[in-house]
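Take a look at the letters that make up each chain.
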Amino acid sequence: MFNSLAGRVLALTVIFVMVAEILIFVPTVARFRVDYLQERLERAQIASLSILATPNDMIHPELEQELLANAGVTNIVLRRDFMRELVLSAPMQSMISETYDLRDAGPIMLIRDALDLLVTGGDRMIRTIGLPVQGGGTAIEITLPETPMREALIRYGIRILGLSLLISIITASLLLITVKRFIGGPITRVVANMAAFRDDFQNPERVIRPESTLREFRSAEQAMSEMQTHLMAAIKEKDRLAALGEAVAKISHDLRNMLTTATLMADRLEGSADPTVRRTAPKLINSLDRAVNLCESTLSFGKAEEASPEPRIVDLHSLVSDVFDAELLEREDCFVEYTNAVIQKTRIEADPEQLYRILLNLVRNARQAMEAQPDNSKITIGCQASTGETCITITDTGPGLPTKAIEHLFKPFQGGQRRGGSGLGLAISAELVRGHGGRLELHETTTAGTTFRIVLPARDLRVVTDTDISRLQTRMGGDR
Ligand SMILES: Nc1ncnc2c1ncn2[C@@H]1O[C@H](COP(=O)(O)OP(=O)(O)OP(=O)(O)O)[C@@H](O)[C@H]1O
Ligand SMILES: [Mg+2]
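Residues numbered from 1 in each chain as written. Chains lettered and ligands numbered in written order. Predicted model: local features only at pLDDT ≥ 70, side-chain atom pairs only at ≥ 80, totals over all residues. Heavy atoms only, no water.

- The chain is annotated in an unreviewed UniProt entry as histidine kinase of Pontivivens marinum.
- If you open the UniProt record of the chain and go to Catalytic activity (unreviewed entry), you find "ATP + protein L-histidine = ADP + protein N-phospho-L-histidine." (UniProt positions renumbered as here; feature names shortened; annotations may be inferred.)

### A look at the domain arrangement of the chain
Thinking step 1. As far as domains go, the chain holds domain 1 (5-171) and domain 2 (309-479).
Thinking step 2. Each of domain 1 and domain 2 has a C-alpha centre, and these two points are 102 Å apart. (Domains from an automatic or database assignment.)

### Re the side chain of Arg 124
Thinking step 1. In this fold, Arg 124 is placed in the loop between α3 (107-119) and β4 (125-130).
Thinking step 2. Here Glu 146 takes part through its side chain, which lies 2.7 Å from a polar atom of the side chain of Arg 124.
Thinking step 3. Contacts of Arg 124, omitting those with residues within four sequence positions, involve Ser 97, Glu 98, Tyr 100, Asp 116, Leu 144, Pro 145 and Glu 146. (Helix = DSSP H or I, 4+ residues; strand = E, 2+ residues; numbered from the N terminus. Polar contact = N/O pair within 3.5 Å; in protein donor to acceptor, adjacent residues only side chain to side chain. Contact = heavy atoms within 4.5 Å.)

### Some points on the packing of aromatic side chains
Thinking step 1. Within the structure shown, the criterion is met by two aromatic pairs.
Thinking step 2. Ring geometry for Phe 32 against Tyr 156: centres 4.5 Å apart, planes inclined by 15 degrees, an arrangement best described as stacked. Taken together, the positions of Phe 32 in helix α1 (residues 5-52) and Tyr 156 in helix α4 (residues 147-199) put the pair 124 residues apart, joining distant regions of the chain. Residues Phe 32 and Tyr 156 agree in their burial class; the two are buried. (Phe/Tyr/Trp six-rings, centres within 6.5 Å; stacked < 30°, edge-to-face > 60°. Buried < 20%, exposed > 50% of the residue type's maximum accessible area, 1.4 Å probe, protein only.)

### Quick word on the environment of Arg 278
Thinking step 1. Residue placement: Arg 278 occurs in helix α6 (residues 275-303).
Thinking step 2. Linking Arg 278 and Thr 445, residues 167 residues apart in sequence, is a C-alpha distance of 41 Å.
Thinking step 3. What Arg 278 contacts, discounting residues up to four positions off in sequence, is Leu 269, Glu 270, Ser 272 and Ala 273.
Thinking step 4. Side-chain polar atoms of Arg 278 contact the backbone oxygen of Ser 272, separated by 2.8 Å.

### Quick notes on the UniProt feature "transmembrane region" (unreviewed entry) in the chain
Thinking step 1. According to UniProt, the positions carrying the feature "transmembrane region" (unreviewed entry) are residues 6-30 and 156-179.
Thinking step 2. Secondary structure content for residues 6-30 is 100% helix and 0% strand, while the C-alpha to C-alpha distance between its ends is 37 Å.
Thinking step 3. Helix makes up 100% of residues 156-179 and strand 0%, with an end-to-end C-alpha separation of 34 Å.

### A short note on the nonpolar core
Thinking step 1. Leu 359, Ile 392 and Ile 454 are the most contacted members of the largest nonpolar core, which has 35 residues in total.
Thinking step 2. Of all the elements in the fold, those that place two or more residues in this core are α7 (316-330), β8 (347-350), α8 (352-369), β9 (378-386), β10 (389-396), α10 (425-435) and β12 (449-457).
Thinking step 3. Examining the composition of this core, we find that eight residues originate from one element, α8, more than from any other.
Thinking step 4. Setting aside residues no more than four positions away along its own chain, Leu 359 makes contact with Leu 319, Val 320, Val 323, Ile 381, Ile 392, Ile 394 and Ile 454.
Thinking step 5. Grouped together as the second largest cluster of nonpolar side chains are 34 residues, Phe 25, Ala 30, Ile 51 and Leu 144 included. (Core = buried A, V, L, I, M, F, W, Y, C linked by side-chain atoms within 4.5 Å.)

### Here we look at the confidence of the model for the chain
Thinking step 1. Averaged over the chain, the pLDDT score is 84; the fraction of residues at 70 or greater is 91%.
Thinking step 2. Counted against residues more than four places away or in other chains, residues 475-480, with its pLDDT under 50, gives zero contacts. (pLDDT = per-residue confidence, 0-100.)

### Focus: the pairing of strand β3 (residues 96-101)
Thinking step 1. Bridging between β3 and β4 involves five bridges; their strand directions are parallel. Note on β4: the bridge partner recorded for Asp 101 is Ile 129.
Thinking step 2. Between the parallel elements β3 and β4, the chain passes through α3 in a crossover that is right-handed. (Pairing = 2+ DSSP bridges. Right-handed = clockwise from strand over helix to strand, strands pointing away.)

### Here we look at the environment of Leu 299
Thinking step 1. Its location among the elements puts Leu 299 in helix α6.
Thinking step 2. Judged by relative accessible area, Leu 299 falls into the buried class, the value being 15%.
Thinking step 3. Linking Leu 299 and Lys 250, residues 49 residues apart in sequence, is a C-alpha distance of 8.3 Å.
Thinking step 4. Ignoring anything within four residues of it in the chain, the contact list for Leu 299 reads Ala 249, Ser 252, His 253 and Arg 256.

### Focus on the pattern of salt bridges
Thinking step 1. Under the defined criterion, the tally for this structure stands at 23 salt bridges.
Thinking step 2. In this structure, the salt-bridge partner of Asp 113 is Arg 33, at a minimum N-O distance of 4.0 Å. Of this pair, Asp 113 sits in helix α3 while Arg 33 sits in helix α1, and the two are 80 residues apart along the sequence. Each member of the pair, Asp 113 as well as Arg 33, carries the same accessibility label: buried.
Thinking step 3. Between Asp 116 and Arg 124 there is a salt bridge, with the nearest N and O atoms lying 3.6 Å from each other.
Thinking step 4. The network of salt bridges with shared partners includes Glu 327, Arg 364, Arg 367 and Glu 371. (Salt bridge = Lys/Arg side-chain N within 4 Å of Asp/Glu carboxyl O.)

### Topic: the packing of α4 against helix α5 (residues 215-269)
Each pair of packed helices can be described by the angle between their axes along with the distance between the axes.
Thinking step 1. The contact between α4 and α5 brings their axes to 11 Å, and the two run at 5 degrees. Comparing the axis directions of α4 and α5 gives the class roughly parallel. In this structure, α4 contributes Phe 182, Ile 183, Pro 186, Ile 187, Arg 189, Val 190, Asn 193, Met 194 and Phe 197 to the contact, and α5 contributes Phe 217, Glu 221, Met 224, Gln 228, Leu 231 and Met 232.
Thinking step 2. For the contact of α4 with α5, the per-class residue count stands at eleven nonpolar, two polar and two charged. (Axes fitted to C-alpha atoms, helices over the stretch in contact; angles between N-to-C directions. Parallel < 35°, antiparallel > 145°, perpendicular 65-115°, else oblique. Nonpolar A, V, L, I, M, F, W, Y, C, P; charged D, E, K, R; others polar.)

### A look at the sheet that holds strand β11 (residues 439-446)
Thinking step 1. Taking strand neighbours across the sheet as the criterion, the five strands line up as β7-β9-β10-β12-β11 in an open arrangement whose pairing is mixed. Two strands lie at the open edges of the sheet, namely β7 (337-340) and β11, each paired on one side alone. Within the sheet, the average angular offset between the axes of one strand and its neighbour, ignoring direction, is 15 degrees.
Thinking step 2. As judged from the eight bridges shared by β9 and β10, these two strands associate in the antiparallel manner. In the strand pairing of β10, Ile 379 is matched with Asp 396.
Thinking step 3. Running at roughly 30 degrees to β10, α8 makes contact with β7, β9, β10, β11 and β12 of the sheet.
Thinking step 4. Running over the sheet, α10 touches β11 and β12 and is turned about 135 degrees from β11.

What follows is the structure, encoded as structure tokens:
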């Protein structure tokens, strides 16, 4: 019960109203006591005045007792003009325990006396002094037993507490109905929708329709509706990608078989009588081998991530030449001026197949970007080593990356802006570089050209130049 919103609202409202009522209760009780005493003082004044009608201020003792009983007191003293004291008195059962002067009692004192009466009061005899009404004297003093006043006070307190409880229950019930209507209802609806969406998230009917008339709930429903729509689109895209992945895997599988056959046939070209054919045969076989490799890694990618690199010492200069040759082979009418700025025999430690794919992707992108501008089309690959890092730069003189490609840089399928492109090249390259513990960066792109950088930790990709090798040889010779 108290774990529910309604239960808590009910309990808290009762508590809060009771607290408020208690704050009101204390001064009310004090007021009640003052009124009670004031009334007794007035009755006593009337009773004492009857003495005035008698000669010598003497009345019959029986009448005296009756007057005192009617006033509810045991003793009355009325002071008039400091001269006359009219006294009515009955024999007292006990001594006077307390005297209260109502003429100069402040609110705090009145509250304290009322609480004292409730808590410690009992069979005491008390004296109260007050002002007579309508200037009927300078002071009036009564003595009375405390018990009847205390009983009346307790009855009054109980009535007030009962009323408070009733008020708090009525308030809480009204609040409960309001909470159920305005908060409980919308929450239940949202929760029910969440459950329905979870069970059937591909059904557009399950997307919540904002209905709440309360602003806060309406914006929550709107946000939820947007989230569900995005989620559905994302799941759909994931499904499409999964289907595409499956298709790619199937194609790669069959393509690999076809390429293997092609490799076998190409092997025979090496024995051709035509020297041009003989010269190009190894490059053809090389390309076919790479294609087979690519198919195989695509197949394994379908199962998991890109295969982890198998680093070896690679001659970067030759690798770059291979990349350029492959490009030239692909486009015989190539207009691009390729520059291999890597120092000859620069050796680095990397997975040659993967590095080849990375460079080929970047070089091909650059060439494709410059296809519309046959003049001044240059692609340069260079390599710089600095402490801790090795940096391979691929620079072109093309038109620069389109804004959309920059916004979705390295994101599969999203960055592709080229007709006929799949938008995978940069994403795959970036992943392969990450596999080497490095990063692929777009260093600069302007209308005058673009530079991509492959930054690799020197730990993974060591640059060993000719100078290093000769220095090493000299040292080894010297050692001997
Ligand atoms: N050097 C570059 N100069 C200008 N634009 C480039 C360059 N490199 C990439 N781009 C832009 O970035 C986009 C993304 O390239 P990415 O290689 O990822 O995909 P793609 O080339 O379109 O398709 P593919 O998967 O066949 O490589 C390209 O479509 C192209 O618009
Ligand atoms: Mg590309």
